[in-house]
Amino acid sequence: MIPALMPTYNRADLAFVRGQGAQLWTEDGRRFLDFGSGIATTSIGHAHPHLVQAIQEQAAQVMHVSNLYRVPQAEKLAARHVAASFADSVFFCNSGAEANEGMVKAVRKYYAENGQPERYEMICFEGAFHGRTLGMLSATGNEKYLAGFGPPVQGFSHVPFGNMNALRAAIGPGTAGIMIEPIQGEGGVRPASLDFLRDLRKVCDEYGLLLALDEVQTGMGRSGKLWAHQWAGIEPDVMSAAKGIGGGFPLGAVFAKEAVAKHLKAGTHGTTYGGGPLACAAGNAVLDVILADGFLAEVDRIARKLWDGLVALAAKHPTVVSGVQGAGLLLGLKLQPEVTNGDAQAAAVAEGLLTVAAGMNVLRLAPALIVRDAEVEEALELLDRTCRRLTPSLNKVAAK
């Protein structure tokens, strides 16, 4: 018999009942160090007192009123994000896939309203992951995810990640924009070089295209800046956000410059739950923490410490780890072909560390942004023990 909860995930046999900061406890009392953060979502950790208080207070007042009326919490959150980013206007939704759908719609609408409706095609990149809707599966382009869901949605082409020659060759009369993650999370924690991001901005300006950045996983401080593209010193025309923007409460957003945003008039796009009072109360609380003086500088410092520790780990266990990649607190251990990331994830769980598998046989690390030195040191020790479990000459001894 099929379980009542549809089996769309291969779930580990772990049920967490309590969290605090970067730690989780199961129903039977086991403690785990959480370096997955709900796939880079619990940005300020579990049970952060400021976030908890904001949600409790708002829930006791009003949770949902519909976007047929003004939502002061959303107005406040939008104004704060505009002040802290390239954007002139923000649309709130519920998830990353929704944010990416809204972003693509905004790009298409821009050209339609400017007399070029034939320009609706987006150039995307191999190894991308943009979400699970039919449209975003097509933007992702992964045959494994597309299988069984009929023909892909039109308007998305794919070129090799980081290849400017291939990108230029793909530009045609129907091209509307370029859609890219500054760091491919699901695709193997692969960062685009800063020069590549700068070149994308230049080519968009040259050809009159819109640059659309998917910062669902890379944004809200994860890179050590509020948005990862800021390291390159560029601005997109439109950007998607989700995951860490609500600290674990469902919240997504489309950020856009006025030239793009002004065409999403009343009736062109919408959402029932998006931008509701409760979600935006959470979003404001998260922003309070991340925009506090010194917070992002501390994220950058702790991220560099983790990076250095992982590089040393790779050097110590060359038969298990071939290298380290990523940026900020979105890092990955590239594993040797003889070691699968599934086995590595399971071995880490056995040592008390939660991680997330990613493409290209990478073990992903995305701790909460509030992670401290002692927890980084503990995670490195647990990863060292994990590698010992996975070392071919030692795994039999470790198993015993």
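Every chain is numbered on its own, with residues counted from 1 as its sequence reads. Local features in a predicted model are, by the rule used here, given only for residues with pLDDT of at least 70; side-chain atom pairs are given and counted only at 80 or more, and totals for whole chains, interfaces and linings are based on all residues. As a rule here, side-chain values cover all heavy atoms of the structure and leave hydrogens and water aside.

Participant: Help me out: how do you make sense of the layout of surface pockets in this one?
Facilitator: In this approach, a probe sized like a water molecule rolls over the atoms, and the result shows the empty space that is left. Grid points spaced at 1 Å over the protein atoms alone were grouped into cavities, where a 1.4 Å probe fits but cannot get out, and pockets, open sets with protein on both sides within 12 Å along at least five of seven lines, with lining residues defined by an atom within 4 Å of a point. Grid points are joined across faces, edges and corners, and a volume is the space filled by probe spheres set on the points. The volume enclosed by the largest pocket comes to roughly 1900 Å³. Together, 49 residues line the largest pocket, and Tyr9, Gly38, Ile39, Glu186 and Val356 are the ones closest to its centre. Ten residues, namely Ala, Val, Leu, Ile, Met, Phe, Trp, Tyr, Cys and Pro, are considered nonpolar, four, namely Asp, Glu, Lys and Arg, are considered charged, and the remaining ones, Gly among them, are considered polar. Its residues placed into classes, the lining of the largest pocket shows 21 nonpolar, 20 polar and eight charged. Along the walls of the second largest pocket sit 24 residues, with Asn67, Val90, Phe91, Phe92 and Thr271 positioned nearest its centre. A run of H or I in DSSP becomes a helix once it reaches four residues, and a run of E becomes a strand once it reaches two; helices and strands are each numbered from the N terminus. Mapped by element, the contributors of at least two residues to the lining of the second largest pocket are helix 3 (72-83), strand 4 (89-93) and strand 12 (252-256).

Participant: Where do I start with the pairing of strand 10 (residues 210-214) in this structure?
Facilitator: Of all five residues in strand 10, five are buried, a share of seventy percent or more. Side-chain alternation along strand 10 places Leu210, Ala212 and Asp214 on one buried face and Leu211 and Leu213 on a second face that is also buried. Pairing between strands is defined by DSSP: at least two bridges between them are needed. Pairing geometry for strand 7 (residues 175-180) and strand 10, over four bridges, is parallel. If you follow Met179 over to strand 10, its bridge partner there is Ala212. Bridge count for strand 10 against strand 11 (residues 238-241) is three bridges, and the pairing is parallel. Residue Ala212 lies in a different strand from strand 11, and its bridge partner there is Val238. Exposure categories follow from relative accessible area, calculated using a 1.4 Å probe and restricted to protein chains: below 20% of the type maximum is buried, above 50% is exposed, and the middle band is partly exposed.

Participant: Help me understand the sheet that holds strand 2 (residues 23-26) in this model?
Facilitator: Across a sheet, strands are paired by hydrogen bonds formed along the backbone, either parallel or antiparallel in direction. With mixed pairing, four strands are arranged side by side in an open sheet as 1-2-3-15. Each edge of the open sheet is held by one strand with a lone partner, namely strand 1 (16-20) and strand 15 (353-354). Both strand 1 and strand 2 contribute to a ladder of four bridges, which runs antiparallel. Across the sheet, Gln20 pairs through a bridge with Gln23, a residue of strand 2. For this analysis, residues touch if any pair of their heavy atoms sits within 4.5 Å. Here the axes come from fitting lines to C-alpha atoms, over the contacting stretch only for helices, and the angles between their N-to-C directions go from 0 to 180 degrees. Strand contacts of helix 13 (residues 373-390): strand 2, strand 3 (31-34) and strand 15, with the helix running at about 105° to strand 3, the strand carrying the most contacts.

Participant: Is there a simple way to think about the packing of aromatic side chains in this case?
Facilitator: A ring pair, where both rings are aromatic, is described by two values, the distance of the centres and the angle of the planes. Note on aromatic pairs: the rings of Phe, Tyr and Trp (six-membered ring only in Trp) are paired at centre separations within 6.5 Å, and the planes decide the class, stacked below 30 degrees, edge-to-face beyond 60, tilted for the rest. Under the counting rule described, the total for this entry stands at six aromatic pairs. Relative to Phe196, the ring of Phe125 has its centre 5.9 Å away and its plane inclined at 80°; by these criteria the two rings are edge-to-face. With Phe125 in strand 5 (residues 121-125) and Phe196 in helix 8 (residues 194-207), this pair connects stretches of sequence that are 71 residues apart. Of the two residues examined, Phe125 and Phe196, each falls in the buried class.

Participant: Would you mind going over the packing of helix 12 (residues 341-351) against helix 13 with me for this structure?
Facilitator: Helix packing for two helices is described by the angle between their axes and how far apart those axes are. Between helix 12 and helix 13, whose axes approach to 9 Å, the crossing angle comes to 125°. With respect to each other, helix 12 and helix 13 are oriented oblique. Regarding helix 12 and helix 13, the two cross each other, and that crossing is right-handed. Where helix 12 approaches helix 13, its residues Asp343, Ala344, Ala347, Ala348, Ala350 and Glu351 are matched on the opposing element by Leu382, Arg385, Thr386, Arg389 and Leu390. When the residues that make up the contact of helix 12 with helix 13 are grouped by side-chain class, the tally is six nonpolar, one polar and four charged. What sets the label is the angle itself: under 35 degrees gives roughly parallel, over 145 gives roughly antiparallel, 65 to 115 gives roughly perpendicular, and the rest give oblique. Take the far helix as the reference: if the near one is turned anticlockwise from it by less than a right angle, the crossing is left-handed, and if turned clockwise, right-handed.

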